[in-house]
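Topology and contacts: notes
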Amino acid sequence: KFVVMHDANLKRLAGKNLNVKDLTQDELTKITVRAGGMEAKIPSLEEWIQLSIQLNLPQLLEIKLHGGETPDLVPRLLAVLDRAGVTEHYTYHTLSREVVEELNRLRPQLVVGFIVPINFGGVPNVPADFIVIEQQSYSSRFVRQAWADGYNVIVWTVDDEQHMRDYMDAAVDGIITDQPDLAVTART
């Protein structure tokens, strides 16, 4: 089963040195996480989907792997999303080339991105619609090459308003931020 959780370990957000992969969904959804003065229980993917539907919020779903996945991970994930009727309304991205390839094989109509956490070389050759690069890896040369290769480019995690403006002025295709209110202000 799936939960919505950023970290692979609960130490930073819940003060428990436990790996998410070692707990059941039922155990995880009873745990409270804290960050930025807020706290909440870890939601199951199903709970998260229902909340996104209620709030009419489109989702960029990152598929994070921990190394102990079963071979049917992607079909099981798609089944959860299909039951909720949101599969084709979401956008997906992952660090895993294999997940990108499997999503494309099973659902070629989905919008799927490949995350490049640190880029020392050129644009990767992966069957994705967009490339997500970390802010430190950004260069106008990389973006031009990615566009020439047919990829959109999204930069993450951009939390400074001036950097947001800089990337918007550079016409990147998107930014990922923990400060959406600043992004709205920077866009206007």
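This text gives an overview of the structure that appears in the document. Worth saying up front: this structure is predicted, and the values here are computed from it rather than measured. (Residues numbered from 1 in each chain as written. Predicted model: local features only at pLDDT ≥ 70, side-chain atom pairs only at ≥ 80, totals over all residues. Heavy atoms only, no water.)

Observations regarding the nonpolar core
- Judged by nonpolar contacts, the single largest core of 38 residues is most densely connected at Leu81, Tyr92, Leu103 and Ile131.
- The greatest single-element share of this core, amounting to six residues, is contributed by helix H4 (residues 73-84).
- Excluding residues within four positions of it along the chain, leucine 103 makes contact with Ile63, Val74, Leu78, Tyr92, Pro108, Leu110 and Val112. (Core = buried A, V, L, I, M, F, W, Y, C linked by side-chain atoms within 4.5 Å. Buried < 20%, exposed > 50% of the residue type's maximum accessible area, 1.4 Å probe, protein only. Helix = DSSP H or I, 4+ residues; strand = E, 2+ residues; numbered from the N terminus. Contact = heavy atoms within 4.5 Å.)

Describing the sheet that holds strand E6 (residues 130-134)
- Read from one edge of the open sheet, six strands run E3-E4-E5-E6-E7-E8, paired in parallel fashion. With partners counted over all chains shown, the strands left at the sheet margins are strand E3 (60-63) and strand E8 (174-175), one partner each.
- Bridge count between strand E4 (residues 91-94) and strand E5 (residues 111-116): four bridges; the pairing is parallel. The partner of histidine 93 across the bridge, within E5, is glycine 113.
- Across the sheet, helix H5 (residues 97-106) is in contact with E3, E4 and E5; its angle to E5 comes to roughly 170°. (Pairing = 2+ DSSP bridges. Axes fitted to C-alpha atoms, helices over the stretch in contact; angles between N-to-C directions.)

As for H4
- Taking 1.5 Å per residue as the helical rise, H4 with its 12 residues ought to reach 16 Å, and the 17 Å between its terminal C-alpha atoms agrees with that figure.
- Within H4 the residues assigned to the buried category are Leu73, Val74, Leu77, Leu78, Val80 and Leu81. End-on view of H4: buried residues confined to an arc of 155°, all on one side of the axis.
- Tucked into the core, H4 has its buried residues touching helix H3 (45-54), E3, E4 and H5.
- Of the residues flanking the end of H4, it is glycine 85, one or two places downstream, whose phi is positive at about 75°. (Expected span 1.5 Å × (residues − 1). Arc of directions from axis to C-beta.)

Observations concerning a negative patch on the surface
- A contiguous patch of negative charge, built from Asp159, Asp160, Asp166, Asp169 and Asp178, is present on the exposed surface.
- Here aspartate 169 shows up in helix H7 (residues 161-169). (Patch = residues over 30% accessible without salt bridge, like charges linked within 9 Å, V, L, I, M, F, W, Y side chains within 5 Å. Areas by Shrake-Rupley, 256 points an atom, 1.4 Å probe, with all protein chains shown as cover. Salt bridge = Lys/Arg side-chain N within 4 Å of Asp/Glu carboxyl O. Lys, Arg positive; Asp, Glu negative; His and termini not counted. Charge placed at Lys NZ, Arg CZ, Asp CG, Glu CD.)

Thoughts on the pairing of E3
- Only one face of E3 is buried, namely the one carrying Leu61 and Ile63, since none of Leu60 and Glu62 on the opposite face is buried.
- Across four bridges, the pairing between E3 and E4 is parallel. In the sheet register, isoleucine 63 faces E4, and the bridge partner there is threonine 94.

A word on the packing of aromatic side chains
- Applying the stated criterion to the full structure yields one aromatic pair.
- Over the ring of phenylalanine 114 we find arginine 97; its NZ or CZ atom is 5.4 Å from the centre of that ring. (Phe/Tyr/Trp six-rings, centres within 6.5 Å; stacked < 30°, edge-to-face > 60°. Lys NZ or Arg CZ within 6 Å of the ring centre and 35° of its normal.)

Here's the deal with the packing of H3 against H4
- H4 packs onto H3 with a crossing angle of 35° between their chain directions and a minimal axis gap of 10 Å. Helix-helix and strand crossings are classified by hand; for H3 and H4 the assignment is right-handed. On the side of H3, the interface is formed by Leu45, Glu46, Ile49, Gln50 and Ile53, while H4 contributes Leu77, Val80, Leu81 and Ala84.
- Residues that form the contact of H3 with H4 fall into these classes: seven nonpolar, one polar and one charged. (Left-handed = near helix turned anticlockwise from the far one by under 90°. Nonpolar A, V, L, I, M, F, W, Y, C, P; charged D, E, K, R; others polar.)

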